[in-house]
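Below are the chains, spelled out letter by letter.
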Amino acid sequence: MSITVLTKDFVRALDIATRASTPKSPLPVLAGVLLDFQGEDELLVSATNLEIGLRVTLPVTRGLDFEPFQAIPQARLLLDYVKSVQADSIRLTYEMRKNVKLRTESGTLTLQAGRTKTEFECIPGEDFPTLPNLTTMTTTLQIPAATLKELIANTAYAASVEAFRPILTGVNVAVRDGLVHFAATDGFRLGYAARNGQVGDLKHALTIPAKALTNLNRLLDAETETPVTLYLADNRNSVGFTVGDFYLVSQLVEGQFPDYRQILPRSSNTSVVVLRTLLIGAIRQAHLFAQDDNGKVLLDLTPGLDGELGTIGVSGESKSFGKTEAAVEAAVEGSPLLIAVNAKYVLHALATIKTTKVLIELGTPASPVVFKPVMEEEAASVPDLHVIMPMHIS
């Protein structure tokens, strides 16, 4: 009962699927990876942590004595071992054992690679949690992989990592005016982006765990226009993504996502256009001296005189180690303003913006600060927004 796989394909499949495993889980099945062969010319490689699940379809060559099998070896051990195999292909054989007295089952997965034979003890495949079946889900959206990567990168970073408000650990996905809108907030900052998508049957907004989307983002190819299909379970408790030979499923976050559109500033008293790399460099330096003050740095905005450029004064201070001040040349229009912001939040926002210049819009020292990319050509969709709440100036 053997099948043969190409080593490079097996490594890739395991590398993808095991991202959803939990190596230190008290439940051995969650530390494992399911190898499911049902007699066709493919092997399904799956893992889950009960919140997200990943499955990869792997082509195989069947031996003359093949039989269907399901086996769960330890995920990390199997991946590390297969990575070390130098042979081009690996033959897999599975043998089930039953203990009549204890009424238990176990199995041995044998890997034959060249002259090397290795055995892995396995949990029966029937113990693996059932992943949602995409055939029972409704297709809701189709988005090119490169576009989806942009949406995730511009928003997921702003989701909360604290579980005391579960709804803020997710990214809100909605369809309005023919655009797919992504938004995430931890209560102190907001990441928002909108893109064109092939809108299907998504009538209500969803909140998808940021961790699930971050995992998906790592697997997507930034250069491909291959469509990623989003599926929604009929009971609206889970969502699935498929692209190429793998799919990811995730539980949805329950609850009402905050209406972030209500906190977006309607107007600004001061606007700034600055080279992104210059601002990043100055804030990084100020952050070195601001880490014992909750990362607080000051931005002192001064308009230029008689049509000249103005400056952004960027400063950070530590009572124990010293202080730093830098003046960054920028086009500052409107009223002078001194405002305090969290350096990490600003650096996260600037890291997601890829344009040469950044537009910053501000109201008062207590108003949200808005960061936008400055597009060289007129954008076809709504501009990305990164909103940061200011800190108190002592």
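Treat the numbers as computed from the prediction; the structure is a model and nothing was measured.

Undergrad: Looking at this structure, how should I read the overall build of the chain?
TA: Secondary structure assignment for the chain yields six helices and 26 strands. Dimensions along the principal axes, computed over C-alpha positions, put the chain at roughly 85 × 50 × 40 Å. Here the chain holds 394 residues, and the buried ones make up 50% of them. Look at the contacts in the chain between residues 6 or more apart in sequence, and 68% of them connect residues 24 or more apart. Carbon and sulfur atoms make up 50% of the accessible area of the chain, which totals about 20100 Å². Both charge centroids of the chain, one from 35 positive and one from 43 negative side chains, sit 5 Å from each other.

Undergrad: What am I meant to see in the packing of aromatic side chains here?
TA: Two descriptors summarise a pair of aromatic rings, namely the distance from one centre to the other and the angle between the planes of the rings. Counted under the stated rule, the structure contains five aromatic pairs. Through a chain of ring-to-ring contacts, three or more aromatic side chains come together here, namely Phe 37, Phe 69 and Tyr 94.

Undergrad: I'm lost on the packing of helix 5 (residues 276-288) against helix 6 (residues 343-352) in this one. Help?
TA: A packed helix pair is summarised by two numbers, namely the angle formed by the two axes and the spacing between the axes. Following both chains from N to C, one finds helix 5 and helix 6 inclined at 155 degrees, their axes separated by 10 Å at the closest point. Regarding the angle of helix 5 to helix 6, the classification is roughly antiparallel. Our pair here, helix 5 against helix 6, has a crossing hand that is left-handed. In this structure, helix 5 uses Arg 276, Leu 279, Ile 280, Ile 283, Arg 284 and His 287 to contact helix 6, whose residues at the interface are Ala 343, Lys 344, Val 346, Leu 347, Leu 350 and Ala 351. Taken together, the residues of the contact of helix 5 with helix 6 sort by class into eight nonpolar, one polar and three charged.

Undergrad: Explain the sheet that holds strand 15 (residues 206-209) here, please?
TA: Backbone hydrogen bonds hold the strands of a sheet together, and the pairing may be parallel or antiparallel. Ordered by their spatial adjacency, 12 strands build an open sheet running 15-11-12-13-26-25-24-19-22-21-20-23, and the pairing between neighbours is antiparallel. A strand with exactly one partner marks an edge of an open sheet, and here the two such strands are strand 15 and strand 23 (337-342). Going from strand to strand, the sheet's axes swing by 25 degrees on average, the running direction of each strand aside. As paired strands, strand 11 (residues 170-176) and strand 15 are joined by four bridges and run antiparallel to one another.

Undergrad: Sorry, what's going on with helix 2 (residues 75-84) here?
TA: Since the α-helix turns once every 3.6 residues, residues separated by three or four places project in the same direction. If you check which residues of helix 2 are buried, you get Ala 75, Leu 78, Leu 79, Tyr 81 and Val 82. The buried residues of helix 2 occupy an angular sector of 165 degrees when projected down its axis, which confines them to one face. The N-cap residue of helix 2 is Gln 74: its side-chain oxygen and the backbone nitrogen of Arg 76 are 3.0 Å apart.

Undergrad: Would you explain unusual backbone geometry in this entry?
TA: One can expect most non-glycine residues to show negative phi and most peptide bonds to be in trans. The backbone of Asp 177 sits at a positive phi, close to 55 degrees, despite the residue not being glycine. Along the chain, the position of Asp 177 falls in the loop between strand 11 and strand 12 (179-185). By relative accessible area, Asp 177 is classed as exposed at 78%. Even without a glycine there, the phi angle at Arg 236 is positive, about 60 degrees.

Undergrad: Looking at this structure, I do not really get the packing of helix 1 (residues 7-17) against helix 2. What am I missing?
TA: Running from N to C, helix 1 and helix 2 cross one another at 150 degrees; their axes reach a closest spacing of 9 Å. Of the possible angle classes, the one that applies to helix 1 and helix 2 is roughly antiparallel. The chirality of how helix 1 crosses helix 2 is left-handed. Across the interface between the two elements, Thr 7, Phe 10, Val 11, Leu 14 and Asp 15 from helix 1 touch Leu 78, Leu 79, Val 82 and Lys 83 from helix 2. Taken together, the residues of the contact of helix 1 with helix 2 sort by class into six nonpolar, one polar and two charged.

Undergrad: Looking at this model, I keep getting lost on empty space enclosed by the protein. Mind explaining?
TA: A probe matching the size of a water molecule, rolled over the atoms, marks out where space remains unfilled. Evaluation of the coordinates by the stated rule reveals one cavity of 30 Å³ or more. Reported here for the largest cavity is a volume of approximately 40 Å³. Lining of the largest cavity is provided by Leu 141, Ile 143, Leu 148, Val 228, Leu 230 and Phe 241. Looking at the lining of the largest cavity, the elements that each hand over two or more residues are strand 10 (137-144) and strand 16 (227-233). Taken together, the residues of the lining of the largest cavity break down into six nonpolar, no polar and no charged.

Undergrad: Hey, could you run me through the layout of surface pockets in this one?
TA: One number sums up the size of the largest pocket: a volume of about 620 Å³. Every residue lining the largest pocket is counted, 26 residues in all, and those nearest its centre are Thr 169, Pro 209, Ala 210, Lys 211 and Ala 212. The biggest single contributor to the lining of the largest pocket is helix 4 (residues 210-219), with six residues. By residue class, the composition of the lining of the largest pocket is 14 nonpolar, seven polar and five charged.

Undergrad: I tried to follow helix 6 on my own but got confused; where do I start?
TA: Taking burial as the measure, the 10 residues of helix 6 include seven buried ones, the bulk of the element. Residues Ala 343, Tyr 345, Val 346, Leu 347, Ala 349, Leu 350 and Thr 352 constitute the buried set of helix 6. Sitting at the amino-terminal end of helix 6 is Asn 342, which places a side-chain oxygen 2.9 Å from the backbone nitrogen of Lys 344.

Scoring rules and cut-offs
- Residues numbered from 1 in each chain as written.
- Predicted model: local features only at pLDDT ≥ 70, side-chain atom pairs only at ≥ 80, totals over all residues.
- Heavy atoms only, no water.
- Helix = DSSP H or I, 4+ residues; strand = E, 2+ residues; numbered from the N terminus.
- Buried < 20%, exposed > 50% of the residue type's maximum accessible area, 1.4 Å probe, protein only.
- Contact = heavy atoms within 4.5 Å.
- Areas by Shrake-Rupley, 256 points an atom, 1.4 Å probe, with all protein chains shown as cover.
- Lys, Arg positive; Asp, Glu negative; His and termini not counted.
- Charge placed at Lys NZ, Arg CZ, Asp CG, Glu CD.
- Phe/Tyr/Trp six-rings, centres within 6.5 Å; stacked < 30°, edge-to-face > 60°.
- Axes fitted to C-alpha atoms, helices over the stretch in contact; angles between N-to-C directions.
- Parallel < 35°, antiparallel > 145°, perpendicular 65-115°, else oblique.
- Left-handed = near helix turned anticlockwise from the far one by under 90°.
- Nonpolar A, V, L, I, M, F, W, Y, C, P; charged D, E, K, R; others polar.
- Pairing = 2+ DSSP bridges.
- Arc of directions from axis to C-beta.
- Polar contact = N/O pair within 3.5 Å; in protein donor to acceptor, adjacent residues only side chain to side chain.
- 1 Å grid on protein atoms, 1.4 Å probe; cavity = no way out; pocket = protein on both sides within 12 Å on 5 of 7 lines; lining within 4 Å.
- Points joined across faces, edges and corners; volume = space filled by probe spheres on them.

By themselves, these figures tell us nothing about what the structure is for.
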